[in-house]
Structures are given as C-alpha cells and as structure tokens.
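Residues per chain are reported as follows:
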Amino acid sequence: AILAGRGLRCAKCNQLGATLRCCEVSCTRAYHFACLLPSGEDDSGGIFQENGKTYCPEHETSSNPRLRLRDGPATTVERKLVVMKLT
C-alpha cells in the first residue's frame, strides 16, 4: 500500500501518499488515513468498516451499515515494545 500510495493524491488535501481508496467500484478517490477521519462538525469523514473496507464521504450509502465501526477506526496501536540497554 505504501508503494502504491506514493503516486496517489489525497482527494482532501491534494498531497501525494494517499493509501486508502474508496471501495466503491466506480470511485477513484484516495485519502491519507488522517484525512479520512472526521475533522469537525461540518466534516463527517469517511466510512470505516470492520472488514477493512473504506468508503469516501460521497459513497457512504454504498457501505454496509452493519459493518461500520461505530466509533471510527482505532487510532492507537497496541503492541509490545522491547527496550534493550546497550552497555
């Protein structure tokens, strides 16, 4: 996804590096993860589903309401971190 995103412009900020594409077949929009998140009262953001599919705001009706993540995607990463002290 990272390599493919190098040449994709984000539909919201117009910068290169967009890695999330709308799953509507006819849609060519791509977004950065942060740009697809809701950013305020007037911006509902995109749709994130449990199965990993994303939809742009324009194709919200194409998504499956039963699979939508109610609180949006997790924006934190939980993983073990090993710290080694070099002597």
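Peer 1: For this particular structure, what's the right way to read the overall build of the protein?
Peer 2: If you tally the helices and strands in the protein, you get 2 helices and 4 strands. Listing every helix and strand of the protein by position from the N terminus yields α-β-β-α-β-β. Out of the 87 residues belonging to the protein, those deemed buried represent 28%. Sequence-distant contacts in the protein: of pairs separated by 6 or more residues, those separated by 24 or more amount to 27%. Of the roughly 7000 Å² of accessible surface on the protein, a fraction of 52% belongs to carbon and sulfur atoms.

Peer 1: Which parts of the structure should I look at to understand the nonpolar core?
Peer 2: Nonpolar side chains in soluble globular proteins tend to be buried together. Grouped together as the largest cluster of nonpolar side chains are 14 residues, with contacts concentrated most on Cys 10, Ala 18, Cys 22, Tyr 31 and Cys 56. Contributions of two or more residues to this core are made by β2 (30-31), α2 (33-36) and β3 (47-48). Filtering out sequence-adjacent residues up to four positions away, Tyr 31 remains in contact with Cys 10, Ala 11, Lys 12, Ala 18, Thr 19, Leu 20, Leu 36, Cys 56, Pro 57 and Glu 58.

Peer 1: Is there a simple way to think about the side chain of Thr 54 in this case?
Peer 2: Here Thr 54 shows up in strand β4 (residues 54-55). In terms of polar contacts, Thr 54 uses its side chain to reach the backbone carbonyl oxygen of Arg 21, at 2.9 Å. Residues contacting Thr 54, with those up to four places away along its chain left out, are Leu 20, Arg 21, Cys 22, Cys 23, Leu 36, Ile 47 and Phe 48.

Basis of the calculations
- Residues numbered from 1 in each chain as written.
- Predicted model: local features only at pLDDT ≥ 70, side-chain atom pairs only at ≥ 80, totals over all residues.
- Heavy atoms only, no water.
- Helix = DSSP H or I, 4+ residues; strand = E, 2+ residues; numbered from the N terminus.
- Buried < 20%, exposed > 50% of the residue type's maximum accessible area, 1.4 Å probe, protein only.
- Contact = heavy atoms within 4.5 Å.
- Areas by Shrake-Rupley, 256 points an atom, 1.4 Å probe, with all protein chains shown as cover.
- Core = buried A, V, L, I, M, F, W, Y, C linked by side-chain atoms within 4.5 Å.
- Polar contact = N/O pair within 3.5 Å; in protein donor to acceptor, adjacent residues only side chain to side chain.

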